[in-house]
Amino acid sequence: MKKSSAKKAAKSIAKNSGTPPRTFVIDIGGTGIKVLTLDAAGKPTHQRTRVATPKRATPKDIVEIARKLAKDQPAFERVSVGFPGVVKDGVIYTATNLGNGWHGFDLGHTLERKLKKPVRIANDADIQGLGGVTGHGLELVITLGTGFGSVLFTDGSRIHLELAHHPFHKGKTYEEELGNRALHKKGRKKWNKLLREAIEELQNTFNYDRLYIGGGNSRLMNFKLPANVKLISNEDGLLGGIALWREAKPSIPSRTPAKAKAASAPAPAKARVKAVEKSQPQSIPKTVAKPARPVVAQPSTVARTATSGGAPATPPTSARDVSRPSDAPPARSAGMPSSTT
C-alpha cells in the first residue's frame, strides 16, 4: 500500500479507537455481489444488499459498484472483501468467472483509495470458512456457486486450495462437474449424484474431521449428509469478514509497485561497493619494484664462428653448425714449422 493511503487508513481507525471497529463486508460472486456492515460482535447494523455481478466484470466495474454500495451503508472503520479467485496480499491472480484485466490487479490498494479505509481481501470460500469452522482439527470447506471454492483449515489456520481445477470425474474437473453450468446442463438429479461422489472422494483424500458446504447452490442438495458434514449459509461468509481481521497482519511492509522497488534496489549495493573501494589502496607505491623479466639464454655466436685458435666455448646447437667449414685458417701448433709448397 502506498504511504498516503496507509496514513489515511490509519487515521480513520485512530479517530474511532474508543469504540470497537465496524466492518463493511463485500462478498463478490460470479453472479451476485453482496454487502453488509457488521458491528464488533458480528451483528448487522444495516440490511444486507445484493446486486447482480455484471457479465465479464472488469476491475473498474467491481470497484465502482463497491464505492456506490458503501455510500448506502452506515459508518464503518474497515473493509473485508471475499473474491472468487486467487488472492495474495490484496493482489488478484485469477478470476475465472469474471472478465479481463484482473491478473496482477491490486484490488486492495485501489479500494483503500476509493473508500478511505483499510482493506483486507481473501478468497470468498476462505472467508465463508472463517465464519463457519470451529477452529479445531482438520476442517475442509467447499462452496457451490458459479464455480467450486475450497479451503482447508488446520486448527483454525487456513490454507487456500484450488480444487476447482483438479480432475474429478471422467477427466473433468470439480468445477466442470459441480459448477453452475454443470447444474443447468445435467439437471439436479445428476448434479446431486456427482456431489455425493465428490464428498466421498474428498473424505478419502483429506481424511477431514469436518466438511462444511456453502454457496448459493448448496440449498439444492437432496440427500442425507454424513454426520461430519454440515451446511453453512451465505451469512457465514459475511461474518467471516470479521474473522479475517483477527488473523495476523500480512508480513509485507507495503504494496509498492514492482517497478519502484526495482529502481531503488541497486542503491544499497552501490554504497557497499564505494565503501569497499575506499578501504582499498588507490595506487601502487612507487617504492614497490616491478618484477624482473625472466632471462632466457641465447645461443653463443662463438659456437658458430671461430675467430681464434681456441675451441668453441659451447657445443654446436645443430647439425648445420657441425658440418659447416670454418672460414679461418687452421691454427699452427707451437714449435712446428709451417708447411711450404
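Quantities reported herein were computed from a predicted structural model and do not represent experimental measurements.

Draft legend 1. View of the environment of T110. Within the secondary structure, T110 sits in helix α3 (residues 107-115). Here the alpha-carbon distance between T110 and G90, two residues 20 residues apart in the chain, equals 9.4 Å. Once residues lying within four places of it in the same chain are set aside, the contact partners of T110 are V63 and F105. Of note is the side chain of T110, whose polar atom sits 2.8 Å from the backbone oxygen of D106.

Draft legend 2. Main features of the sheet that holds strand β6 (residues 91-92). Taken in spatial order, the 3 strands make up an open sheet running β5-β6-β7, and their pairing is antiparallel. Strand pairing shows two members of the sheet lacking a second neighbour, β5 (87-88) and β7 (105-106), which therefore form its edges. With 2 bridges joining them, β6 and β7 adopt antiparallel strand pairing. Each residue of the ladder has a partner; that of V91, found in β7, is D106.

Draft legend 3. Quick peek at the sheet that holds strand β4 (residues 78-83). An order of β3-β2-β1-β4-β8 is seen for the 5 strands of this open sheet, with the pairing classed as mixed. Edge strands, defined here as strands with exactly one partner in the open sheet, are β3 (49-52) and β8 (119-123). Shown here is a sheet whose adjacent strand axes are inclined to one another by a mean of 15°, direction ignored. Where strand β1 (residues 23-28) meets β4, 5 bridges bridge the pair, whose relative direction is parallel. Of the residues in β4, the one forming a bridge with V25 is S80. Relative to β8, α3 is tilted by about 145°, and along the sheet it contacts β4 and β8.

Draft legend 4. Main features of the pattern of salt bridges. Tallied over the full model, the rule gives 8 salt bridges. In this structure, E247 and R158 form a salt bridge, with 2.8 Å as the shortest nitrogen-oxygen distance. Of this pair, E247 sits in the loop between α8 (234-243) and α9 (258-264) while R158 sits in strand β11 (residues 157-160), placing them 89 residues apart in sequence. Among the residues examined, E247 registers a relative accessible area of 25% and is labelled partly exposed.

Draft legend 5. Fine view of the packing of helix α2 (residues 59-71) against α3. At a minimum axis separation of 10 Å, α2 and α3 run at an interaxial angle of 35°. In the packing of α2 onto α3, the handedness of the crossing is right-handed. Contact residues: α2 offers V63, A66, R67 and A70, while α3 offers L107, T110, L111, K114 and L115.

Draft legend 6. Representation of the pairing of strand β9 (residues 138-144) within the structure. In terms of burial, β9 is largely enclosed, as 6 of its 7 residues are buried. As judged from the 7 bridges shared by β9 and strand β10 (residues 148-154), these two strands associate in the antiparallel manner. When the sheet's bridge partners are listed, I142 is paired in β10 with S150. A loop of 3 residues connects β9 with β10, the two strands running antiparallel in sequence.

Draft legend 7. Broad picture of the packing of aromatic side chains. Evaluated as defined, the whole model comprises 5 aromatic pairs. Relative to F105, the ring of W102 lies with its centre 5.8 Å away and its plane at 90°, an arrangement referred to as edge-to-face. The exposure class of F105 is partly exposed, given its relative accessible area of 22%. Aromatic rings pair up to connect F83, W102 and F105 into one cluster.

Draft legend 8. Up close: the confidence of the model for the protein. For the protein, per-residue confidence averages 78 on the pLDDT scale, and residues scoring 70 or more make up 68% of the total. Between residues 1-14, whose pLDDT stays under 50, and residues either more than four places distant or in other chains, the model counts 18 contacts. When the criterion is pLDDT under 50, residues 253-279 qualifies, and its contacts beyond four places in sequence or with other chains add up to 13 contacts.

Draft legend 9. Spotlight on α3. Of all 9 residues in α3, 7 are buried; the element is thus mostly enclosed. Taken as a whole, α3 has its buried residues at L107, G108, H109, T110, L111, E112 and L115. Just downstream of α3, K116 is the residue with a positive phi angle, here 60°.

Draft legend 10. Highlighting the pairing of β1. Burial within β1 is extensive, with 6 of its 6 residues counted as buried. Hairpin connection from β1 to strand β2 (residues 32-38): 3 residues lie between these consecutive antiparallel strands.

Draft legend 11. Molecular detail of the environment of I62. Among the structural elements, I62 can be located in helix α2. Taking the C-alpha atoms as reference points, I62 and I33, 29 residues apart in sequence, are found 8.9 Å from one another. Every residue in contact with I62, bar those within four places of it in the chain, is listed here: I28, I33, T53, A57 and W102.

Draft legend 12. Seen up close, α2. Helix length check: α2, at 13 residues, gives a terminal C-alpha distance of 19 Å against a target of 18 Å (1.5 Å per residue), a fit within 8%. Contact partners of the buried residues in α2: β1, β2, β3, β7 and α3.

Draft legend 13. View of unusual backbone geometry. In the Ramachandran plot, R56 falls in the positive-phi region, its phi being about 50° despite a non-glycine side chain. A positive phi angle, near 50°, is found at N207, a position not held by glycine. Mapped onto the elements, N207 comes out in the loop between α7 (188-206) and β14 (210-214). On the basis of relative accessibility, which here comes to 57%, the residue N207 falls in the exposed class.

Calculation notes
- Residues numbered from 1 in each chain as written.
- Predicted model: local features only at pLDDT ≥ 70, side-chain atom pairs only at ≥ 80, totals over all residues.
- Heavy atoms only, no water.
- Helix = DSSP H or I, 4+ residues; strand = E, 2+ residues; numbered from the N terminus.
- Contact = heavy atoms within 4.5 Å.
- Polar contact = N/O pair within 3.5 Å; in protein donor to acceptor, adjacent residues only side chain to side chain.
- Pairing = 2+ DSSP bridges.
- Axes fitted to C-alpha atoms, helices over the stretch in contact; angles between N-to-C directions.
- Salt bridge = Lys/Arg side-chain N within 4 Å of Asp/Glu carboxyl O.
- Buried < 20%, exposed > 50% of the residue type's maximum accessible area, 1.4 Å probe, protein only.
- Left-handed = near helix turned anticlockwise from the far one by under 90°.
- Phe/Tyr/Trp six-rings, centres within 6.5 Å; stacked < 30°, edge-to-face > 60°.
- pLDDT = per-residue confidence, 0-100.
- Expected span 1.5 Å × (residues − 1).

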